[in-house]
Amino acid sequence: MDRSDKQQQQLSLAKSSRQQRNNEWIFRDVPSDITIQVNGGAFSLHKFPLVSRSGRIRKLVAEHRDSDISRVELLHLPGGAESFELAAKFCYGINFEITSGNVAQLCCASDYLEMTEEFSKDNLGSRAEEYLECIVCKNLEMCVEVLLQCESLLPLADELKIVSRCIDAIASKACVEQIASSFSRLEYSSSGRLHMNRQAKCDGDWWIEDLSVLRVDLYQRVITAMKCRGVRPESIGASLVNYAQKELTKKSSLWNPSGQTKVDVIPASTGHEKLVVETIVGLLPVEKLVVPITFLFGLLRSAVMLDCTIACRLDLERRIGSQLDIATLDDLLIPSFKHAGDTLFDVDTVHRILVNFSQQDDSEEDMEDGSVFESDSPHSPSQTALFKVSKLLDNYLAEIAPDANLKLAKFLVIADALPEHARTVHDGLYRAIDIYLKAHQGLSDTDKKKLCKMIDFQKLSQEAGAHAAQNERLPLQSIVQVLYFEQIRLRNSLGCSGEDEPKPMHQSWRISSGALSAAMSPRDNYASLRRENRELKLELARLRMRLNDLEREHVCMKRDMEKSNSRKFMSSFSKKIGKLSFFGHSSSRASTSPSRQSYRTDSKVIERTCASTD
């Protein structure tokens, strides 16, 4: 109630001050013969100065000539009483200054009052148009100020093309400023060649801060015009980031990566934020890396929270998936804004992002060798990007694994989102699965086997293998697998030497997938990637052959056990493992080394398992 009283007092003061100003310029020696009412304000004026300039007032007076009209009400006058006061002053010949703050109002008011050249020479309409064309459209800041005035004058300002002229002027001016800034950064090198100094500060984007004050619909039109004029995508992206931060940071939870607060009901006041997010996503340049990936994740969090359109969210997921290799773990931790009982993090959205990333990798496999060199844009991430994303995914799995509401099916889908060759070492995946097993102790043996099937125990490091061999949370079959592969590894390390020693799978991949040289051309990069893919396929074929050999050796070992018909073989096998100190390498996650009792238990478990497999 207090605020409304204050507003009423301010309105009454404004009216009284306006009436006081009227007394200063209205002819008092001649009695007024007409009263003009505009938006609650009354102006006691004279007919002759008004009808000599305004076609609308002339027609109204002419229609009521017989009744001698003395009161006229002007409904929906653009700009209200302030605009009419300036127009009336012009009719009386009172000088006032046309500025960027009132030129839009004067253009609209003169159109409404029909103050054109048809009724008087050098009328208000032509004066305002001349100022708009010769002064405002030559200055970017003035154009922005006029657009701010036009927000309350739509749609008439649009019909008079005031908005479109200012937008075209802003886009043209920004493009010219950018070109001039680029020329200023040109300099001669020591060899005499002209080149661009990229370290010099670029002052051609000073307009970014000015545009942030515009309403979202006008801002959208300005950025669209800039794109058509050829303004740099980096400048467009910087403007979008600046505008989003000003409009969306009012809701701190939208941009807090670590925020884990669930929101059950979205307030109705977020309609503006929803429009801003959808508009900015639609304006994002198609080029990569023009906006930070953290900004894209911030938009995605906002889109999920505000329940933006599906097309908006899918577009963001596609953009993020195309550059996922530069993302961080904090970026992927998108809170779940659904009702209680759901997972802590939005794993479905992350899964779709991973699918977008992996589909890029699959797209190149379907292409012929010759087609790769016909395009200058890559269709799939490099092998290095795959390795980075695989590490990121394993860390993400370890982060979401303790969530009690995370179902096994969702965990498996996320873990299996990347192709098999993306992981060179399975230590991170094993760690995540071990955390999940520890947090979900009620899993059945079948579910545990499903989890452990994701791990290639042959790709575990020596430390991880030692930890897995004594991990009671793993199924018995998995422990036997670990022991078997560790025995093969130890036997190869002791028996093989020189060139006969087989290279570990992850080592050969690391060698073949080194970082590409920045000096290589795009086509050379693609050729190198194709060679890497062929080498990987050959390596996989060799590994399959090696696996077949190991299976045959395993069959032979079982036959020897059957022939011996005693426990001597297993006892000697256990003694060999003990001499090699197989369990001596403790993992960083293991708190203590196993005791002798656990060692005997493991030996008996191996013996019983082998006997059962017979």
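Residues numbered from 1 in each chain as written. Predicted model: local features only at pLDDT ≥ 70, side-chain atom pairs only at ≥ 80, totals over all residues. Heavy atoms only, no water.

Asks: Mind showing me how you'd approach the overall build of the protein here?
Replies: Broken down by element type, the protein carries 28 helices and five strands. Here the protein holds 614 residues, and 44% of them are scored as buried. Here the analysis covers contacts within the protein between residues at least 6 apart in sequence; of these, 73% occur between residues at least 24 apart. Split by element, the accessible area of the protein, about 33,300 Å² in all, is 51% carbon and sulfur. (Helix = DSSP H or I, 4+ residues; strand = E, 2+ residues; numbered from the N terminus. Buried < 20%, exposed > 50% of the residue type's maximum accessible area, 1.4 Å probe, protein only. Contact = heavy atoms within 4.5 Å. Areas by Shrake-Rupley, 256 points an atom, 1.4 Å probe, with all protein chains shown as cover.)

Asks: Mind showing me how you'd approach the pairing of strand S1 (residues 34–38) here?
Replies: Regular strands show a simple pattern: their side chains alternate between the two faces of the sheet. The element S1 is extensively covered by neighbouring structure, given that four of its five residues are classed as buried. Hairpin remark: S1 followed by strand S2 (residues 41–45), antiparallel, with two residues in the connecting loop; positive phi at asparagine 39, about 50°. By the bridge criterion, four bridges tie S1 to strand S3 (residues 71–74) in an arrangement that is parallel. Across the sheet, glutamine 37 pairs through a bridge with glutamate 73, a residue of S3. (Pairing = 2+ DSSP bridges.)

Asks: Before we go on, may I ask you to explain the environment of leucine 299 in this structure?
Replies: Along the polypeptide, leucine 299 turns up in helix H14 (residues 293–305). With relative accessibility at 0%, the residue leucine 299 sits in the buried group. Once the C-alpha coordinates of leucine 299 and cysteine 312 are considered, the two residues, 13 residues apart in sequence, prove to be 9.7 Å apart.

Asks: Got a minute to help me understand the packing of helix H19 (residues 383–400) against helix H20 (residues 408–415) in this structure?
Replies: In a pair of packed helices, the angle between the axes and the distance between the axes together describe the arrangement. Their axes nearest at 10 Å, the elements H19 and H20 cross at an angle of 165°. Considered as vectors, H19 and H20 are oriented roughly antiparallel to each other. As H19 packs across H20, the resulting crossing turns out to be left-handed. Residues Leu393, Tyr396 and Leu397 of H19 touch H20, and the partners they reach there are Phe411, Ile414 and Ala415. In terms of residue class, the contact of H19 with H20 is built from six nonpolar, no polar and no charged. (Axes fitted to C-alpha atoms, helices over the stretch in contact; angles between N-to-C directions. Parallel < 35°, antiparallel > 145°, perpendicular 65-115°, else oblique. Left-handed = near helix turned anticlockwise from the far one by under 90°. Nonpolar A, V, L, I, M, F, W, Y, C, P; charged D, E, K, R; others polar.)

Asks: What exactly am I supposed to notice about unusual backbone geometry here?
Replies: With glycine set apart, most residues show a phi of negative sign, and most peptide bonds adopt trans. Here the amide bond leading from leucine 154 into proline 155 is cis, since omega sits at 5°, within 30 degrees of zero. Counting through the fold element by element, proline 155 comes out in the loop between helix H7 (140–150) and helix H8 (156–159). The backbone phi angle of lysine 161 is positive, close to 65°, even though this residue is not glycine. Since its relative accessible area comes to 55%, lysine 161 is described here as exposed.

Read these as layout, nothing more, since geometry by itself doesn't imply function.
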